[in-house]
Amino acid sequence: MNIGASTSCFYPMETEKSLDKVISLGFRKTEIFFNTQSELAPAFVGEMKRAADAAGVQVLSVHPYSSALENMCIFGEYQRRYEDFIGVYEQHCHAAALLGAKIVVIHGALDKRKIALPDELYFERFRSLVEIGKREGVMVCQENVNLFKSQHIAFMQKMREALGNDFHMVFDIKQAIRAGYDPFDFLEAMKHEIVHVHLSDNHLPDADCLPPGRGNFDFQRLFDTLNAVSYSGDYVIEIYSKGFDVAKELQFSKEYFERF
């Protein structure tokens, strides 16, 4: 199975060096996690594209560095801040297009806020991101993220109803677990809208984010569930570089998935 790896696995290594690491491990698909504004410059993005192309690596998706700011700057109640900040997402979508990526990943708004955000305003703001993506030929997708509104199945179902065919989801196993869900309950509810999957393993209750193959998550069930609905998206390993040799573990996980 041709599984990719996210450059975020090597954070806080510089983004271009992280891409080099992914390439050196033999992955042929990747997600680029930008880490600062200067990395959106066309010259920098062009260098990343040339490095990926030279290695025969397909960039599947882009993760904005600004995801931590989305709660306040995109999904906040202050209109002028939204107007000032929306250009950052125009740049991310353009970078995705330059890289040949088809997906931009959004975290969204926190679940608990000082001032409650109406769902209708959330969907309106998200739709504006979707329209920016369309102009660049990319899909702007909602990821399920712990502590965010998107951690709830019910919210994602309401969002799906509001956005219709413009709703697409990135499914993250560890985020579902951290939000208190059985990942397969989330998967069953949203399987027709999932276009991209972030892979990690777990061994509960002790560890909720392990390199794939180091825990007891049922990946075969995951693949079978999505194959049953003719899933045509990709799978990317996204783990955090804490307490283990990331390169060694990614190589192990790559070989683990090659047995499927």
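Up top is the structure these notes are about.
The text that follows walks through the structure, step by step, so that each part is easy to find.

Rules used in this analysis
Residues numbered from 1 in each chain as written. Predicted model: local features only at pLDDT ≥ 70, side-chain atom pairs only at ≥ 80, totals over all residues. Heavy atoms only, no water. Helix = DSSP H or I, 4+ residues; strand = E, 2+ residues; numbered from the N terminus. Rg over C-alpha atoms; globule rule 2.2 N^0.38 Å. Buried < 20%, exposed > 50% of the residue type's maximum accessible area, 1.4 Å probe, protein only. Contact = heavy atoms within 4.5 Å. Polar contact = N/O pair within 3.5 Å; in protein donor to acceptor, adjacent residues only side chain to side chain. Salt bridge = Lys/Arg side-chain N within 4 Å of Asp/Glu carboxyl O. Disulfide = S-S within 2.5 Å. Expected span 1.5 Å × (residues − 1). Arc of directions from axis to C-beta.

1. Comments concerning the overall build of the chain
Scanning the chain from N- to C-terminus turns up 10 helices and 10 strands. Against the compact-globule benchmark of 18 Å for 260 residues, the chain has a radius of gyration of 17 Å, which places it among compact chains. C-alpha atoms of the chain, sized along the principal axes, occupy 50 × 45 × 35 Å. Split into buried and exposed, the 260 residues of the chain put 54% on the buried side. Residue pairs in contact within the chain that sit at least 24 positions apart in sequence constitute 76% of those at least 6 positions apart.

2. Remarks on the side chain of N144
The topology assignment puts N144 in the loop between β5 (139-143) and α6 (153-163). Within polar-contact distance, the side chain of N144 engages the backbone nitrogen of D172 at 2.8 Å. Apart from residues no more than four positions distant in its own chain, N144 is found in contact with S150, M156, M169, V170, F171, D172, Q175, A176 and F186.

3. Overview of the pattern of salt bridges
Considering all chains together, one arrives at 19 salt bridges under this definition. The shortest N-O distance in the salt bridge between D53 and K49 comes to 3.3 Å. Placement of both D53 and K49 in helix α2 (residues 42-54) is noted, with a separation of 4 residues, approximately one turn of the helix. Notably, a salt bridge pairs K158 with E120, separated by 3.9 Å at the nearest N-O pair.

4. A word on the side chain of H63
You can see H63 is positioned in strand β3 (residues 58-63). We classify H63 as buried; its relative accessible area is 1%. Of note is the side chain of H63, whose polar atom sits 3.1 Å from the side chain of H107. Excluding residues that lie within four positions of it along the chain, H63 makes contacts with E31, I32, F33, F34, V105, H107, E143 and E238.

5. Focus on the state of the cysteines
Per the counting criterion, the structure on display carries 0 disulfides. You can see C73 has no disulfide; the closest cysteine sulfur is in C93, sitting 16 Å from it. Between C141, a cysteine without a disulfide, and C93, which holds the nearest cysteine sulfur, the sulfur-to-sulfur distance is 10.0 Å. Its relative accessible area of 0% is what places C141 among the buried residues.

6. What to know about the environment of Y256
Considering the arrangement of structural elements, one finds Y256 in helix α10 (residues 246-257). Its relative accessible area of 17% is what places Y256 among the buried residues. With residues up to four places along the chain from it excluded, the contact list for Y256 reads P212, G213 and F219.

7. Points about α2
Taking 1.5 Å as the rise per residue, α2 with 13 residues should run 18 Å; its terminal C-alpha atoms sit 18 Å apart, in good agreement. Every buried residue of α2 is accounted for by V45, G46, M48 and A52. Taken around the axis of α2, the buried residues stretch over an arc of 160°, which confines them to a single face. Of the exposed residues in α2, the ones pointing more than 90 degrees away from its buried face are A43 and A54. Along its buried surface, α2 packs onto α1 (15-24), β2 (29-33), β3 and α4 (79-99). Directly beyond the C-terminal end of α2, a positive phi value near 70° is found at G56.

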